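# Commentary on secondary and tertiary structure
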Amino acid sequence: MSTGDARSIRPQHPDPVPLGAIIDRFELDVAGDPAGLAVSGITLDSRDVRPGDLYVGMPGAKRHGADFAAQAVALGAVAILTDAEGSDRARAAGVSEPVLISRQHPREILGDVSAAVFRTEEYAAKKLGVTGTNGKTSVVYLIAELMRAAGLTPGLSSTAERRIGDEVIVSNLTSPEASELHGLLARMAEVGVDGVALEVSAQAVVRHRLDGVHFDVVAFNNFSQDHLDEFGDLETYFAAKLALFAPEHAARGVVVVDSPWGQRIARESRIPVTRLATEYGQDADWHLAVTRQNLDGVSFVLQGPGGAHFRGSVPVFGRFMAENAALALIMLHEAGIPISQVEAGLDRGRIPVFIPGRLEEITERGSDGPRFFVDYGHTPGAFEAMLDALGEVAPGKIIFMFGADGDRDQTKREGMGRIAAAGADTVIICDYHPRSEPPEAIRAQLLAGARSARHARVIEEGDPRTAVRLAVSLAEPGDVILYAGPGHEDHQEVAGTFIPYSARDEVRGALREAGLLS
C-alpha cells in the first residue's frame with residue numbers, strides 16, 4: 001500500500017499529553033493560560049497542523065516560523081512553542097493561544113519534546129540506525145528483510161521512502177525532522193512494528209533530528225567526499241558521523257574497518273563497537289568472504305566470534321552488497337536477534353531484498369541483450385564502488401551515464417567524471433538536477449574530469465531522455481548500461497521548476513522502442 005507525504009505520518013489514535021506537563025518538564029516560560037489544555041501532536045510545518053497540535057515556530061534563514069503561528073492556530077493548534085522573538089511575533093499577529101517560550105533554540109529540545117508528545121519514549125521496538133556516505137539505503141532494506149525473516153514486523157525510514165509494515169510513504173529527507181520521526185515511530189508502535197531500521201545522515205546528527213531516539217545498535221559502513229558545501233571539509237563531515245557513536249544516541253555500534261575512517265570510528269567511539277573486515281588480514285571481530293558473484297547477485301560467507309557463521313546470498317551484484325548484508329546481519333546479532341533465528345526464515349540463506357532505485361535492473365533477467373541498471377549513487381565513492389563491481393562481473397562493455405546536482409558540492413564533480421571514465425568503456429554525461437546553475441557549466445566540470453582519465457569514450461548529451469536512447473543504441477549483447485543519479489526519483493529540478501521525470505520509466509520506454517523489453 002502506498003500513501004502520500006511523509007509529513008503526514010501520525011498515530012491514528014493519539015493519547016494527548018497535558019500541556020502543563022510539557023511546560024514543567026522542559027522548564028518553559030509561558031505567555032497565556034495553558035490550564036486544561038492537552039496536545040496530541042507536534043509539527044514544524046504550519047500547513048501540516050491538525051487540531052490538538054503543538055506548533056513549533058523556529059527562526060529560519062529567511063522567515064521566522066512564528067510568523068505562521070496565526071495560520072497554525074486557524075488549523076487547530078492549541079499552543080505555540082518558540083523562542084522569545086517568536087513569542088513577540090506570534091502576539092503581534094494576534095495569537096491569543098498559549099505561547100511556550102524556550103530559553104534555548106527550539107530545535108535543541110524539539111526531539112525530546114516530540115518524544116514526550118508522541119510518547120515514543122515508551123516504544124520498546126528494536127531500533128537500528130545506519131550512517132556512512134554510500135550504501136545506507138541498501139543496509140536499511142536488508143535489515144528490514146532480515147528482521148522479517150526473524151519473525152519481526154519491520155518498519156524503516158530511508159532516502160527513498162518510509163515503510164510501516166506494508167504501508168509505504170514517499171520520503172522528503174534522508175532523515176526526517178525530529179517531529180516527523182517521532183510521529184513515524186508512534187505510528188509504527190500503534191500498528192505493532194517491533195523492529196525499526198533508520199538511515200542516519202550527518203545532517204540529522206548535527207541538526208538534532210535524532211534527539212529523543214535511542215538506538216539499540218548503530219553502524220558505520222564507509223566514508224568519502226560528499227556534502228562539503230554544508231560541512232566545509234572532510235574532517236567536519238566525519239565528525240558528524242562519529243557523533244552518532246555516543247551514549248546519548250546508542251548502546252552499541254558496528255563498524256566496517258577496511259578503511260582508515262572506519263578504524264578511526266572504532267578507536268574514537270564512545271560506545272562499545274564490533275568490527276567487520278572484508279579485506280584479508282585486517283584485525284576484526286567478524287570477517288566476510290565473497291564466494292561467488294555475477295550480474296544476478298553475490299554469495300558470501302560471514303564468520304564471527306564464538307563460532308557465529310552465515311552462508312548466504314543477495315540478488316544484487318557487487319562485493320559492497322555482500323558487505324551491506326553482513327553489516328545488517330551483525331547489527332541484528334548485536335541487538336539480540338540470533339543469526340540462527342534469521343536463517344530459519346530464509347530459503348538457504350537467500351535474502352530476497354528489493355531496494356528501490358539501487359542497482360535496480362530494468363531489463364529482464366535471462367535476456368540475450370544488454371543489461372540496464374539505474375542507481376541513486378551520486379558521489380565519487382558510489383561511482384567507484386559500482387564500477388569496480390561491474391568490472392568484476394560485466395561480460396561485455398560498460399556504458400555509464402550520469403549527471404551532477406546543481407547548487408551542491410561542486411568540488412566532487414571532476415572526481416566523479418574522472419572515476420566514471422576510468423572505470424567504464426563509454427561515459428555519457430547528461431543533466432541531473434541543475435537547479436539554479438547553468439546545466440552546461442555543470443556538464444563542463446564533469447567532462448573535464450572524464451577527459452582527464454584518458455580512458456573511456458566521452459559523450460556529452462544534456463537531455464537525459466535522449467541520453468538514455470543513445471546508451472541503448474550503443475549497447476550490444478553482453479554489455480551493461482548503468483544510469484547513476486536519479487534512481488527512485490520522479491522529477492528533475494531545473495531553475496526552480498520540478499519537471500516530472502522518472503529514469504526507470506524513461507529506460508523502460510527506450511528499451512521497448514528498441515525491442516529489448518516486452
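This report concerns the structure included in the present document. Everything numeric here is computed off the predicted structure, so don't read it as measured data. (Residues numbered from 1 in each chain as written. Predicted model: local features only at pLDDT ≥ 70, side-chain atom pairs only at ≥ 80, totals over all residues. Heavy atoms only, no water.)

Along the chain, Arg187 falls in helix 6 (residues 178-191). Excluding residues within four positions of it along the chain, Arg187 makes contact with Ile9, Arg10, Pro11, Gln12, Ile164 and Glu167. (Helix = DSSP H or I, 4+ residues; strand = E, 2+ residues; numbered from the N terminus. Contact = heavy atoms within 4.5 Å.)

Of the strand pairs in this sheet, strand 11 (residues 161-164) and strand 12 (residues 167-170) are connected by four bridges, and their pairing is antiparallel. Counted as the bridge partner of Arg162 is Ile169 from strand 12. (Pairing = 2+ DSSP bridges.)

Right, let's talk about the side chain of Asn324 for a bit. With respect to the element layout, Asn324 can be found in helix 11 (residues 319-334). Classification of Asn324 as buried rests on a relative accessible area of 3%. Discounting residues that sit within four places of it in the chain, Asn324 has contacts with Gly135, Ser138, Val139, Leu142 and Asn221. (Buried < 20%, exposed > 50% of the residue type's maximum accessible area, 1.4 Å probe, protein only.)

In spatial order, the strands read 3-8-7-6-5; together these five strands make up an open sheet with mixed pairing. Two strands lie at the open edges of the sheet, namely strand 3 (29-31) and strand 5 (41-43), each paired on one side alone. Pairwise comparison of adjacent strand axes, ignoring direction, gives a mean angle of 25° for this sheet. Where strand 7 (residues 79-82) and strand 8 (residues 99-101) come together, three bridges link them in parallel fashion. By the bridge assignment, Thr82 is partnered in strand 8 with Ile101. Docked against the sheet, helix 3 (residues 84-92) engages strand 3, strand 7 and strand 8, running at close to 165° with respect to strand 8. (Axes fitted to C-alpha atoms, helices over the stretch in contact; angles between N-to-C directions.)

With that settled, consider the packing of aromatic side chains. Evaluation of the coordinates by the stated rule reveals nine aromatic pairs. On the numbers, 4.5 Å between centres and 55° between planes, the contact of Phe223 with Trp261 is tilted. Taken together, the residues Phe223 in the loop between strand 14 (215-220) and helix 8 (228-231) and Trp261 in helix 10 (residues 260-268) connect sequence positions 38 residues apart. Taking relative accessible area as the criterion, Trp261 reaches 22% and is therefore assigned partly exposed. (Phe/Tyr/Trp six-rings, centres within 6.5 Å; stacked < 30°, edge-to-face > 60°.)

This part takes up the nonpolar core. Ile143, Val314 and Phe400 are the most contacted members of the largest nonpolar core, which has 77 residues in total. Not counting chain neighbours up to four residues away, the residues in contact with Val314 comprise Leu142, Asp296, Gly297, Val298, Phe300, Met321, Ala325, Ile351 and Val353. Counting residues in hydrophobic clusters, the runner-up holds 36 residues, among them Ile164, Val196, Phe238 and Leu244. (Core = buried A, V, L, I, M, F, W, Y, C linked by side-chain atoms within 4.5 Å.)

Since the α-helix advances by 3.6 residues per turn, residues separated by three or four positions end up pointing in the same direction. The set of residues buried in helix 14 (residues 413-423) consists of Arg413, Gly415, Met416, Gly417, Ala420 and Ala421. Where helix 14 is buried, its residues meet helix 13 (380-393), strand 22 (398-402), strand 23 (426-429) and helix 15 (439-452).

Where helix 4 (residues 107-118) meets helix 6, the closest approach of the two axes is 8 Å, and the angle between their N-to-C directions is 25°. Judged by the inter-axis angle, helix 4 sits roughly parallel to helix 6. The two elements helix 4 and helix 6 cross, and the hand of that crossing is right-handed. On helix 6, the residues that touch Leu110, Gly111, Ser114, Ala115 and Phe118 of helix 4 are Ala178, Ser179, His182, Gly183 and Ala186. Among the residues forming the contact of helix 4 with helix 6, the class breakdown is five nonpolar, five polar and no charged. (Parallel < 35°, antiparallel > 145°, perpendicular 65-115°, else oblique. Left-handed = near helix turned anticlockwise from the far one by under 90°. Nonpolar A, V, L, I, M, F, W, Y, C, P; charged D, E, K, R; others polar.)

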